[in-house]
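# Structural characterization, general
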Amino acid sequence: MKRLFIALFFVFIPLVLNAQNINGRLSSSFYTFERFDAATTSETYLRTFQSIMLNVNEGQFSLRTRINLETDLMTSLDSDPRLRFYNLYFEGRNLFDIATIKVGRQSLFNSVAGGLFDGVNLKFKYEDFALTGFYGGNVPAYQKLELTDSWEEDYVMGGKFETTALQNFRFAVSYIDKNFKAENYSTLRLDENLDPINMEIRKKSNQYKFVSAEASFAMAKFLNVFTRFDYDLNFRKASKFEISGRYEQIENLGINLYYNYREPRITYNSIFSVFNYGNTQEIEAGVDYKVNKLITVSGKFGNVTFDDDNSQRLTLGLNSNLGSINYRKTFGYAGELDAVSLYTAHSFLSGFVTPSIGVSYTIYKLSPDAEENSLMSLLAGINVRPWRALSFDIQTQYMNNKIYKNDFRALLKINYWFNTNLDLL
């Protein structure tokens with residue numbers, strides 16, 4: 001199980017010793033909040049997060065990693081301290097002018113099943129054609145530095161072929177198979193005499209298996225269109241179809257249109273597959289107009305169709321170099337909501353200090369006859385950057401509704417960026 005990371009360690013050592021460039025970011029964050037265990041008793045938490053993003057580069061090769069350590073300084077949790085490994089992989093770029101390889105823990109970008117995996121990603125690119133394939137094990141809970149002990153049940157694999165050979169067009173077809181190993185558990189059940197007994201529940205693995213197709217057209221300052229179709233191979237039916245487009249030929253005016261058809265995405269062998277469920281169809285149209293170099297106004301209206309009902313939403317906004325103001329309204333089957341939000345931020349002294357403030361107020365209810373509720377939230381913060389490589393962020397958050405009354409939270413974050421070219425001669 002640990003052989004892969006041991007092998008990578010011996011690959012990384014020569015790379016680090018002969019590195020030409022080391023860059024990354026160090027971050028230290030402190031986050032405090034109060035949690036009520038009862039109406040009159042509460043505990044105050046002070047969570048701390050220490051993270052590092054590190055890239056070690058030598059020519060076409062790199063070691064990339066992102067690690068986070070979290071714990072509480074006041075009220076310790078059962079899982080404290082917790083060390084998370086989000087990235088830890090070796091990368092070779094443009095090898096033989098055609099191939100790029102990544103080996104180790106890395107991110108998976110896929111609209112069907114994303115996340116992290118431990119394995120290999122190999123991409124071949126020649127002129128206007130590209131072929132990508134990947135295989136690996138699912139990452140354990142809380143991003144522990146461990147490999148799965150059941151590669152045949154706990155894996156992700158897939159591939160993608162794409163081309164831009166036809167001018168202004170892009171076509172792609174992809175496949176993904178992601179299988180989740182189900183964890184067995186023990187629980188109490190009644191036997192034939194109605195006596196409680198301890199029983200082990202063994203669940204089957206759950207799986208996603210999809211094939212997808214994409215097509216897009218782009219012509220600068222004129223028209224952009226994107227389409228995607230997902231087909232569920234397990235349930236043998238269409239899972240999702242979407243198409244979006246933007247038209248910009250009229251000066252200062254942009255027109256957007258979006259449509260999707262979506263089935264609930266349910267894993268194979270899941271208990272949820274036995275329930276009756278329906279699909280949804282969504283369409284939204286919007287326009288934005290650039291009044292001048294500083295101000296843009298926009299508006300969108302959308303409709304969502306369910307099996308036997310529908311819901312609508314309206315969004316209006318104004319964006320400027322000083323900030324933005326937005327209004328959103330929803331009505332119909334999804335509930336009724338009116339929300340207005342305002343946000344502004346501005347830098348002073350050549351970026352040395354940047355204060356920001358935001359406020360939102362929302363009135364909502366689940367149905368026309370339901371009780372009306374309100375929610376107010378405030379956000380205030382400041383960013384101080386005394387040097388280009390060092391910054392300090394302080395942010396406070398306040399929220400008030402019938403569930404979280406006078407909820408106040410604070411965040412302090414320190415960032416340090418570094419980029420060093422090494423001269424080993």
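In case you missed it, the structure is sitting above this.
Fair warning: this is a prediction, and the values are worked out from it, not measured in the lab. (Residues numbered from 1 in each chain as written. Predicted model: local features only at pLDDT ≥ 70, side-chain atom pairs only at ≥ 80, totals over all residues. Heavy atoms only, no water.)

## What to know about the overall build of the chain
- Of regular secondary structure, the chain possesses one helix and 24 strands.
- Structurally, the chain occupies a C-alpha span of about 80 × 65 × 55 Å along its principal axes.
- In the chain, which comprises 425 residues, the proportion classed as buried is 31%.
- For the chain, long-range pairs separated by at least 24 residues make up 42% of all intrachain contacts whose partners lie at least 6 apart in sequence.
- When the accessible surface of the chain is split by element, carbon and sulfur atoms take 59% of a total near 26,300 Å². (Helix = DSSP H or I, 4+ residues; strand = E, 2+ residues; numbered from the N terminus. Buried < 20%, exposed > 50% of the residue type's maximum accessible area, 1.4 Å probe, protein only. Contact = heavy atoms within 4.5 Å. Areas by Shrake-Rupley, 256 points an atom, 1.4 Å probe, with all protein chains shown as cover.)

## As for the environment of Thr 305
- Within the fold, Thr 305 resides in strand S17 (residues 295–305).
- With 24 residues separating them along the chain, Thr 305 and Gln 281 place their C-alpha atoms 5.1 Å apart.
- Not counting residues up to four positions away in its chain, the partners in contact with Thr 305 are Asn 279, Thr 280, Gln 281 and Asn 310.

## As for the nonpolar core
- One finds Leu 108, Val 112, Ala 113, Phe 117, Phe 134, Val 156, Ile 176, Tyr 208 and Phe 210 forming the largest nonpolar core, which totals nine residues.
- Residues contacting Ala 113, with those up to four places away along its chain left out, are Leu 108, Ile 176, Lys 178 and Tyr 208. (Core = buried A, V, L, I, M, F, W, Y, C linked by side-chain atoms within 4.5 Å.)

## Here's the deal with the packing of aromatic side chains
- This structure, assessed with the given rule, holds 14 aromatic pairs.
- On the numbers, 5.2 Å between centres and 10 degrees between planes, the contact of Phe 33 with Tyr 45 is stacked. Here Tyr 45 lies in strand S2 (residues 42–58) and Phe 33 lies in strand S1 (residues 21–36), a separation of twelve residues in the sequence.
- When its relative accessible area of 12% is taken as the criterion, Phe 33 is described as buried.
- Seen from their ring centres, Phe 241 and Tyr 259 are 6.5 Å apart, and the 55 degrees between their planes marks the pair as tilted. Highlighted residues: Phe 241 in strand S14 (residues 237–247) and Tyr 259 in strand S15 (residues 253–262), separated in sequence by 18 residues.
- Aromatic rings pair up to connect Tyr 31, Phe 33 and Tyr 45 into one cluster.
- A cation sits over an aromatic face here: Arg 82 above Tyr 142, 3.6 Å from the ring centre.
- The side chain of Arg 265 reaches across the aromatic face of Phe 210, ending 5.1 Å from its centre. (Phe/Tyr/Trp six-rings, centres within 6.5 Å; stacked < 30°, edge-to-face > 60°. Lys NZ or Arg CZ within 6 Å of the ring centre and 35° of its normal.)

## Remarks on a nonpolar patch on the surface
- A cluster of nonpolar side chains, contributed by Tyr 289, Val 291, Val 297, Leu 318, Ile 325, Val 340, Leu 342, Val 359, Tyr 361, Met 376 and Leu 378, occupies part of the molecular surface with about 850 Å² of accessible area.
- Counting residues per element, the ones that place at least two in the nonpolar patch are strand S20 (336–345), strand S21 (353–365) and strand S22 (373–387).
- Secondary-structure assignment places Met 376 in strand S22. (Patch = residues over 30% accessible without salt bridge, like charges linked within 9 Å, V, L, I, M, F, W, Y side chains within 5 Å. Salt bridge = Lys/Arg side-chain N within 4 Å of Asp/Glu carboxyl O.)

## What about the pairing of S15?
- With eight bridges joining them, S14 and S15 adopt antiparallel strand pairing. Pairing of Glu 242 across the sheet is with Asn 260, part of S15.
- Turn length for the S14-S15 hairpin, with the two strands adjacent in sequence and antiparallel, is five residues, and the turn residue Asn 252 shows positive phi of about 70 degrees.
- Direction of pairing for S15 relative to strand S16 (residues 280–290): antiparallel, over a ladder of ten bridges. Bridge pairing in S16 places Asn 260 opposite Glu 282. (Pairing = 2+ DSSP bridges.)

## Thoughts on the environment of Phe 226
- Within the fold, Phe 226 resides in strand S13 (residues 223–232).
- Between the alpha carbons of Phe 226 and Ser 29 there is a distance of 39 Å; along the sequence they are 197 residues apart.
- In contact with Phe 226, other than residues within four places in its own chain, are Glu 214, Ala 215, Ser 216, Glu 242, Ile 243 and Ser 244.

## Side note on the pattern of salt bridges
- Applying the stated criterion across every chain yields a total of 23 salt bridges.
- As a salt-bridge pair, Glu 214 and Arg 170 come within 3.0 Å of each other at their nearest N and O atoms. Remark: Arg 170 occurs in strand S9 (residues 169–180) and Glu 214 occurs in strand S12 (residues 206–219); sequence separation between them is 44 residues.
- Overall, the relative accessible area of 11% leaves Glu 214 in the buried class.
- For Arg 313, the salt bridge goes to Glu 284, with nearest N and O atoms at 3.1 Å. Remark: Glu 284 occurs in strand S16 and Arg 313 occurs in strand S18 (residues 310–320); sequence separation between them is 29 residues. Each of the two residues, Arg 313 as well as Glu 284, counts as buried.

## Observations concerning the environment of Leu 257
- Mapped onto the fold, Leu 257 is located in strand S15.
- Each C-alpha atom, one on Leu 257 and one on Tyr 135, is 36 Å from the other, the two residues being 122 residues apart in sequence.

## Re the pairing of S14
- Taken together, the ten bridges between S13 and S14 define a ladder with antiparallel strand orientation. Counted as the bridge partner of Asn 224 is Arg 246 from S14.

## Quick notes on unusual backbone geometry
- Note that the residue after Asp 80, namely Pro 81, is joined by a cis bond; omega there is -15 degrees.
- When you line up the elements, Pro 81 lands in the loop between strand S3 (61–72) and strand S4 (82–95).
- Backbone geometry at Asn 252 places phi at a positive 70 degrees, although glycine is not the residue there.
- A relative accessible area of 36% places Asn 252 in the partly exposed class.

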